[in-house]
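What follows is the residue order along each chain.
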Amino acid sequence: MTIKATLLASALIFSPLAATAADLTIGFSQIGSESGWRAAETTVTKQEAEARGINLKFADAQQKQENQISALRSFIAQGVDAILVAPVVATGWDEVLEEAQDSDIPVILLDRTVDAPDNLYLTAVTSDLVHEGSVAGQWLVDDVAGADCRIVELQGTTGSSPAIDRKAGFEKAIAGHENLEIVRSQTGDFTRSQGKVVMESFLKAEGGKNICALYAHNDDMAVGAIQAIKEAGLKPGEDIRIVAIDAVPDAHLAIANGEMNATIELTPNMAGPALDALAAYLADGTTPPKWIQTESRLYTAADDNQAIYETKKGLGY
Ligand code: GZL
C-alpha cells in the first residue's frame, strides 16, 4: 500500500473529518543556506514532506527576518494548513505569530526558538543549545588538563537562539577553571567566509602563538577558520585546538585529517518529529509538548570520522 493510501486509511480510522497528510499544504520559512547544516535541513525537510504526500511551500529568507515575516504573512493569506519556521533571530515574532493564531494556523518552530509566549506556537523542535555549548566547553576543559588556554570564539548570528545559548553553555562549562579564558569573541554569522575573515582578525590581534583554542558555534565557521590558521603558517588541530557544533561531513573530514578536534552533532531532521506532532494534532487534537528535543552527540578523533564523512556526505549537506 502506498504511503498516501496508508495515511488516508489511518486518517479515516481516527477522524474522517481531519485533513490527511496527503491533503495538507504547509508553508516552510527557511532562514537561508548559510551553512552545510542548513542546506541539509532544507533537503531533509523536503524529503519528509514528500514522504507524507504534503504540499510544501518553501520560502528562503536569505537570512533576513523581514523576509521570513513576509513569507509567514503570505502563507497566512494563502490559508495554508500549518507553518514551519526556523526563526533567524529570537525576537520580533509576536505580531506575525498572533496573526497566524487568529487564522487558526498552527506554527511549529524548527531548530531555533523565539522570545514569544509559547501559546503562539504549537511546539519547537530543537536540540538543547545550551547543552551543546557545555559539551564543547567540557571537552576543552578535559583536553587542556589544567594548562593555561587562551580561547577565541566565533559566535553564530547575533541575536539568534543558538548564538545566545551556545555561548552561555560554553561559559558555564569553563567557569571556575581559571586556566581557561575567552580573549576574543565575535560573530561569524554561521558562515565559512565570515569564519575565515574573523579568525584572520583574531590571529592578527592576538598573534597565532598566543591562541590555544577556537570555539566556533558551528562547523562552517570552524572550517573557514581552519583556512585562516593554515594561511598564518600554523597547524589547525595542533597549534590551535578547534571545537565546534553541527557534525557536518567536512568537520568529520577535518577531524580525520587532524585539522579539527571535536564537534557535537545536530540532526538536520527537525521536520520529521515536527510533521509527526502536527499529524497527531490535526487528526485528533493531540497537543505536543512545547519542546521536542533532538539528541546531541560529541565526536572526537577517537571516532571513525573518515567513515562517518563518507556516510554523511551524500545526505544533502
Ligand atoms: C542550530 C542551527 C544553526 C546551525 C548552523 O540549531 O540553527 O544554524 O548550528 C545554522 O549551522 O546556521
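Criteria and thresholds
Residues numbered from 1 in each chain as written. Predicted model: local features only at pLDDT ≥ 70, side-chain atom pairs only at ≥ 80, totals over all residues. Heavy atoms only, no water. Core = buried A, V, L, I, M, F, W, Y, C linked by side-chain atoms within 4.5 Å. Buried < 20%, exposed > 50% of the residue type's maximum accessible area, 1.4 Å probe, protein only. Helix = DSSP H or I, 4+ residues; strand = E, 2+ residues; numbered from the N terminus. Domains from an automatic or database assignment. Contact = heavy atoms within 4.5 Å. Near = heavy atom within 4 Å. Polar contact = N/O pair within 3.5 Å; in protein donor to acceptor, adjacent residues only side chain to side chain. Areas by Shrake-Rupley, 256 points an atom, 1.4 Å probe, with all protein chains shown as cover.

Further remarks concern the nonpolar core. Formed by 69 residues in total, the largest nonpolar core has its most connected members in Trp 93, Leu 110, Met 199, Leu 214, Ile 240 and Met 260. The element best represented in this core is helix H8 (residues 219-231), accounting for six residues. Both of domain 1 (3-127 + 268-295) and domain 2 (129-265) provide at least three residues apiece to this core. Beyond its immediate stretch of four places on either side in the chain, Met 199 contacts Val 152, Leu 154, Ile 211, Leu 214, Ala 225, Ala 228, Ile 229 and Ile 240. Within the second largest apolar cluster, 18 residues are counted, among which are Val 135, Val 141, Ile 245 and Ile 264.

In the region of the ligand, 13 residues are neighbours, and Glu 34, Asp 111, Arg 112, Arg 166 and Asp 246 sit closest. Contact distances for the ligand include 2.5 Å between an oxygen atom and a side-chain N or O atom of Glu 34. A distance of 2.7 Å separates an oxygen atom of the ligand from a polar side-chain atom of Arg 112. In isolation the ligand exposes 320 Å². Once the protein is present, 100% of that is buried. Breaking the shell around the ligand down by element, the ones donating at least two residues are helix H2 (36-51) and helix H6 (161-174). The residues that make up the shell around the ligand include at least three from each of domain 1 (3-127 + 268-295) and domain 2 (129-265).

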